[in-house]
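Structural overview
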Amino acid sequence: MDTTATRSGPAPATLAPPAAAYTGSPGARPTRALIVANPASGSHSEALLREVRELCAARLDAVEVHLTTARRDATDAVGRALRRPYAPYAPEVVRANATAAHSDGTAVRSDEVRPDLVVAVGGDGTVREVVQGMADAPAPAALALVPGGTGNSGYRMIWGDRPWEEALTALLSHPGDRARLRRLDLALLRETAQLVFLGACSGVIAEALPIARTVPLHGRARYAEAFARAADAHRPYPGRVTVDGEVVHEGPTVLANVGGGRYRGGQYLVLPHSEPDDGLLDVCVIGGSVAASRVPELTRTAAHLELPDTVYARGRTIVVERLDGERLPLEHDGEYQDTLGDRATLEVRAGALWTWCPTA
């Protein structure tokens, strides 16, 4: 069983396998982009979207923009684009400057050609919807992220604290030098059949999300205030966490975080040992002997790992349960799951997503 559990201290390092060759285009450099932006996300602005579009248009053959209007709209838009009949490098298509034509000379409309780059401009929820559309589509494309939400933990998971302009320029202008393609792991939440990109968390972190909607702040400050309020009011739930069939925790539970991304809310280092492409899911459980009010401060520096009532483990299938029959409070990718029952089963989907990442 590929499971490692510790009560404190660092988890053993796991080397990530090298990514297989990208087959979505003949070279590393992208040629056509679909930009998917959520106008309702936490830090969206027309100026941000304009800058992203101009940066892509200056370096690519073609750029499209889709503004989302409702839940699942990003998933549907990406799915439609990746099901178009022509790949940008297909022999049936000949490109000259910014135009394309059938080999017999007849015109190929832009909406017939698939993008090989999908740029998600929004928060973690928007990114998750884009990822769902990419994973469901039969044609490959690679993901790029521009932070436009509240926590933007997904962006930080990949690019750290680099400015988004630097990250996007690296993959558009310096592929192979400053940016490279990696196949990142996803998780499947079996109970809802949804893919998870950043991670999922039960307990106090999930409880902060509904509160965040009422906080009149922006960006990470909004989530920080909501997390503090949720932590002050939190009562541990009776829970159990199982990793590849082995129970690693049972009892009062403040949170159980599965991922994925190391950070939650863009600033809380809950899974400090997680690697996005090692073929495993990490899980951290904070037990009920830890005062929930301390968790925001502890997780900023991963000091929670030093506590005896913290469990850290890795595996391929992780089950998080609530044992009193009540609904499990759970979020994933910054979206509260209000239709879930008392159980969440997360299964790794290793190497499921091509993503542009820094070379170092």
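Think of each chain on its own: its residues are numbered from 1, step by step along the sequence as written. Side-chain atom pairs in this predicted model are given and counted only at pLDDT of 80 or more, local residue features only at pLDDT of at least 70, and totals for whole chains, interfaces and linings cover all residues. Side-chain numbers come from the whole structure's heavy atoms, not from hydrogens or water.

**Section: the overall build of the protein**
Here a strand is any run of E in DSSP of at least two residues, a helix any run of H or I of at least four, and the numbering for each starts at the N terminus. Check the secondary structure of the protein and you find eight helices and 20 strands. Categorising residues by exposure relies on relative accessible area from a 1.4 Å probe, with only protein chains included: less than 20% of the type maximum marks a residue as buried, more than 50% marks it as exposed, and the intermediate range marks it as partly exposed. Looking at the 360 residues of the protein, the share that counts as buried comes to 59%. Taking the contacts inside the protein whose residues are at least 6 apart along the sequence as the reference set, 76% of them involve residues at least 24 apart. The contact criterion used is simple: two residues touch if any of their non-hydrogen atoms lie within 4.5 Å.

**Looking at the pattern of salt bridges**
The working definition used for a salt bridge is a side-chain nitrogen of Lys or Arg within 4 Å of a carboxyl oxygen of Asp or Glu. On inspection of all chains with the given rule, the structure shows 16 salt bridges. Salt-bridge contacts for Arg84 lead to Glu64; the nearest nitrogen and oxygen are separated by 2.7 Å. Here Glu64 lies in strand S3 (residues 62-67) and Arg84 lies in the loop between helix H2 (73-81) and strand S4 (93-96), a separation of 20 residues in the sequence. Classification of Arg84 as buried rests on a relative accessible area of 14%. Overall, the relative accessible area of 22% leaves Glu64 in the partly exposed class. The shortest N-O distance in the salt bridge between Arg349 and Glu347 comes to 3.2 Å. The structure contains a network of salt bridges with shared partners spanning Arg240, Glu250, Glu321 and Arg343.

**Topic: the environment of Glu166**
Note that Glu166 resides in helix H5 (residues 164-173). Given a relative accessible area of 45%, Glu166 falls into the partly exposed group. Distance in space between the C-alpha atoms of Glu166 and Arg178 is 9.6 Å, their sequence separation being twelve residues.

**Considerations on the packing of H2 against helix H3 (residues 124-136)**
Helix axes are fitted only over the stretch in contact, all axes being lines through C-alpha atoms; the angle between N-to-C directions runs from 0 to 180 degrees. For the pair H2 and H3, interaxial distance at closest approach is 7 Å and the crossing angle is 35°. As for the relative orientation of H2 and H3, their crossing is right-handed in sense. Listed contacts from H3 to Asp73, Ala74, Thr75, Val78 and Gly79 of H2 are Glu129, Val130, Gln132, Gly133 and Met134. Just so you know the grouping, Ala, Val, Leu, Ile, Met, Phe, Trp, Tyr, Cys and Pro go in nonpolar, Asp, Glu, Lys and Arg go in charged, and all remaining residues, Gly too, go in polar. Across the contact of H2 with H3, the residue classes tally to four nonpolar, four polar and two charged. Crossings are sorted by hand: turned counterclockwise from the far helix by less than a right angle, the near helix makes the crossing left-handed, and turned clockwise it makes it right-handed.

**A short note on H5**
Burial analysis of H5 places seven of its ten residues in the buried class, the great majority of the element. All of the buried residues in H5 are Trp164, Ala167, Leu168, Thr169, Ala170, Leu171 and Leu172. In the core, the buried residues of H5 are packed alongside helix H1 (46-57), strand S6 (117-122), strand S7 (142-147), helix H4 (153-159), strand S8 (179-189) and strand S20 (343-358).

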